[in-house]
Amino acid sequence: MLVRLARRVLGSRAVTVASSVPLRTQPARSIMPYTVLERGQPNSVDYRVYIQDENGPLSPLHDIPLYADAANKIFNMVVEVPRWTNAKMEINLKEIMNPIKQDTKKGKLRFVANCFPHHGYIWNYGAIPQTWENPEHLDESTGCKGDNDPIDVLEIGYRVAKRGEVLQVKVLGTLALIDEGETDWKLIAIDVNDPLAAQMNDVGDVEKHYPGFLKATLEWFKIYKIPDGKPENKFAFNGEAKNREFALKVIDEVHKFWQALVKKEAEAGGISCANVTVAESPFAIQRKDAQDVVDKSPALGDALPVDPIVDKWHYVTLK
């Protein structure tokens with residue numbers, strides 16, 4: 001049973017997410033409730049989604065733990081883009097407290113194209129906190145450096161998640177997208193509360209229970225930028241999805257890169273490392289200062305209309 005509580009806080013829309021499932025399917029762990037605070041006007045450049053716990057605002061990149069359950073290798077995932085939606089939302093690395101915002105290009109909001117037969121993102125798309133793909137590190141397996149972002153997650157369970165929701169996921173494997181010469185890992189994962197989670201333990205189980213899904217995922221990433229005039233995307237390993245063991249090693253590596261980043265042992269390159277919970281971090285700030293950031297942002301307003309062109313189908317043929 002999924003329980004949702006919604007309330008308004010300081011002119012923002014706040015959603016607290018908690019979950020309850022039978023003990024036989026839910027790993028033993030403590031549930032940490034997170035609240036989503038929306039600010040500004042949705043579908044505008046000033047729209048932001050902040051995240052807080054019971055003590056106030058925090059950074060979804062730095063303050064939400066890597067693990068929901070370390071013993072069972074269950075990870076936290078911050079949902080940036082719910083399935084079937086088009087707005088290219090992402091954790092903003094450069095702004096203090098790293099709110100989720102919509103990416104822009106030349107001052108205009110970015111939306112991914114609907115490349116027939118796909119509509120928007122075909123998974124719940126997001127990132128694992130406390131990870132960073134170091135742009136100065138040359139990955140031996142791909143031959144490319146990191147993309148300077150937290151590691152991406154494709155959550156494949158049946159439920160459409162909410163923007164800013166924090167899921168607890170089981171990682172099954174990973175793809176290695178090569179995006180403009182950079183390694184851009186795409187972890188494949190499933191919400192531990194999904195009815196099929198207990199049967200999903202490695203990447204081979206994806207094809208068994210979701211036949212055709214990996215093929216569709218490869219196709220989506222290959223073609224989604226073509227309507228914007230860009231070439232087909234490429235993958236390392238000829239598009240082969242690597243298994244869970246491989247993916248866990250990648251996560252461990254990018255977590256270590258994040259640790260160096262937040263402890264000022266690596267060059268931040270414009271990334272805001274402000275946090276409220278990380279021990280020994282020189283970037284730590286007080287909760288009241290984090291709250292001040294949220295309070296000074298524009299109050300939640302009415303959503304602006306979205307141009308109907310966003311719903312256009314694009315018919316793309318791979319060469």
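As a starting point, this report considers the structure included with it. (Residues numbered from 1 in each chain as written. Predicted model: local features only at pLDDT ≥ 70, side-chain atom pairs only at ≥ 80, totals over all residues. Heavy atoms only, no water.)

1. Describing the overall build of the protein chain
If you tally the helices and strands in the protein chain, you get 4 helices and 20 strands. Here the protein chain, with 319 residues, has 53% of them falling under the buried criterion. Partitioning the contacts of the protein chain with sequence separation of at least 6, the portion at a separation of at least 24 is 67%. As displayed, the protein chain offers around 14,900 Å² of accessible surface, 53% of which is attributable to carbon and sulfur atoms. (Helix = DSSP H or I, 4+ residues; strand = E, 2+ residues; numbered from the N terminus. Buried < 20%, exposed > 50% of the residue type's maximum accessible area, 1.4 Å probe, protein only. Contact = heavy atoms within 4.5 Å. Areas by Shrake-Rupley, 256 points an atom, 1.4 Å probe, with all protein chains shown as cover.)

2. So, empty space enclosed by the protein
Left-over empty space is what a probe sized like a water molecule reveals as it rolls over the atoms. Across all of its chains, the model carries 1 cavity of 30 Å³ or more by this definition. Approximately 80 Å³ is the volume attributed to the largest cavity. Lining the largest cavity are Glu133, Asn134, His137, Asp139, Cys144, Lys145, Gly146, Thr183, Trp185, Glu253, Val254 and Phe257. For the lining of the largest cavity, the elements supplying multiple residues, two or more each, are strand 14 (145–146), strand 17 (182–191) and helix 3 (244–262). By residue number, the principal contributor to the lining of the largest cavity is helix 3, which donates 3 residues. A class-by-class count of the residues in the lining of the largest cavity yields 4 nonpolar, 4 polar and 4 charged. (1 Å grid on protein atoms, 1.4 Å probe; cavity = no way out; pocket = protein on both sides within 12 Å on 5 of 7 lines; lining within 4 Å. Points joined across faces, edges and corners; volume = space filled by probe spheres on them. Nonpolar A, V, L, I, M, F, W, Y, C, P; charged D, E, K, R; others polar.)

3. Comments concerning unusual backbone geometry
For the bond from Phe116 to Pro117, the omega torsion is 5°, close enough to zero to count as cis. Structurally, Pro117 is set in the loop between strand 12 (114–115) and strand 13 (124–127). Of note, the phi angle at Met97 is positive, near 70°, even though the residue is not glycine. Note that Met97 resides in the loop between strand 8 (89–91) and strand 9 (100–102).

4. Quick look at the pattern of salt bridges
Counting across every chain of the model gives 16 salt bridges. Here Lys256 makes a salt bridge to Asp252, at a shortest N to O gap of 3.3 Å. Separated by 4 residues within a single helix, Lys256 and Asp252 lie in helix 3, roughly one turn from each other. You can call Lys256 partly exposed: its relative accessible area is 48%. Put simply, Asp152, Asp184 and Lys186 are held in one network by salt bridges that share partners. (Salt bridge = Lys/Arg side-chain N within 4 Å of Asp/Glu carboxyl O.)

5. Digging into the environment of Asp202
When you line up the elements, Asp202 lands in the loop between strand 17 and helix 1 (204–209). The class for Asp202 is partly exposed, based on a relative accessible area of 29%. Along the sequence, Asp202 and Gly173 sit 29 residues apart, while their C-alpha atoms lie 6.4 Å from each other. Among residues more than four places away in sequence, those in contact with Asp202 are Leu172, Asn243 and Arg244. A distance of 2.9 Å separates a polar atom in the side chain of Asp202 from the backbone nitrogen of Arg244. (Polar contact = N/O pair within 3.5 Å; in protein donor to acceptor, adjacent residues only side chain to side chain.)

6. Some thoughts on the side chain of Arg244
Along the chain, the position of Arg244 falls in helix 3. Salt bridges are absent for the buried Arg244, whose nearest opposite-charge side chain, Asp202, sits at 6.4 Å. For Arg244, the side chain forms a polar contact with the main-chain oxygen of Val171, separated by 2.6 Å. Dropping the residues within four chain positions of it, Arg244 is found in contact with Asn72, Lys73, Lys170, Val171, Leu172, Gly173, Asn201 and Asp202. (Lys, Arg positive; Asp, Glu negative; His and termini not counted.)

7. With respect to the nonpolar core
In terms of nonpolar packing, the biggest core is built from 80 residues, with Trp123, Ile128, Ile156 and Phe221 touching the most fellow members. In this structure, Ile156 is in contact with Arg83, Trp123, Leu172, Ile188, Ala189, Ile190, Met200, Val206, Tyr210 and Phe213, ignoring residues within four places of it in sequence. (Core = buried A, V, L, I, M, F, W, Y, C linked by side-chain atoms within 4.5 Å.)

8. Regarding the packing of aromatic side chains
For the structure shown, the criterion picks out 17 aromatic pairs. When the ring of Tyr121 is compared with that of Trp123, the centres are 6.3 Å apart and the planes differ by 70°; the resulting orientation is edge-to-face. Measuring from ring centre to ring centre gives 5.8 Å for Trp185 and Phe246, while their planes differ by 55°; the resulting arrangement is tilted. Highlighted residues: Trp185 in strand 17 and Phe246 in helix 3, separated in sequence by 61 residues. For Trp185, a relative accessible area of 3% translates into the label buried. A relative accessible area of 23% means that Phe246 is categorised as partly exposed. Positioned above the aromatic ring of Phe237, the side-chain terminus of Lys242 is 4.5 Å from the ring centre. The cationic tip of Lys242 hangs over the ring face of Phe246; the distance from NZ or CZ to the ring centre is 5.7 Å. (Phe/Tyr/Trp six-rings, centres within 6.5 Å; stacked < 30°, edge-to-face > 60°. Lys NZ or Arg CZ within 6 Å of the ring centre and 35° of its normal.)

Scope: geometric values only; no functional claims are made or implied.
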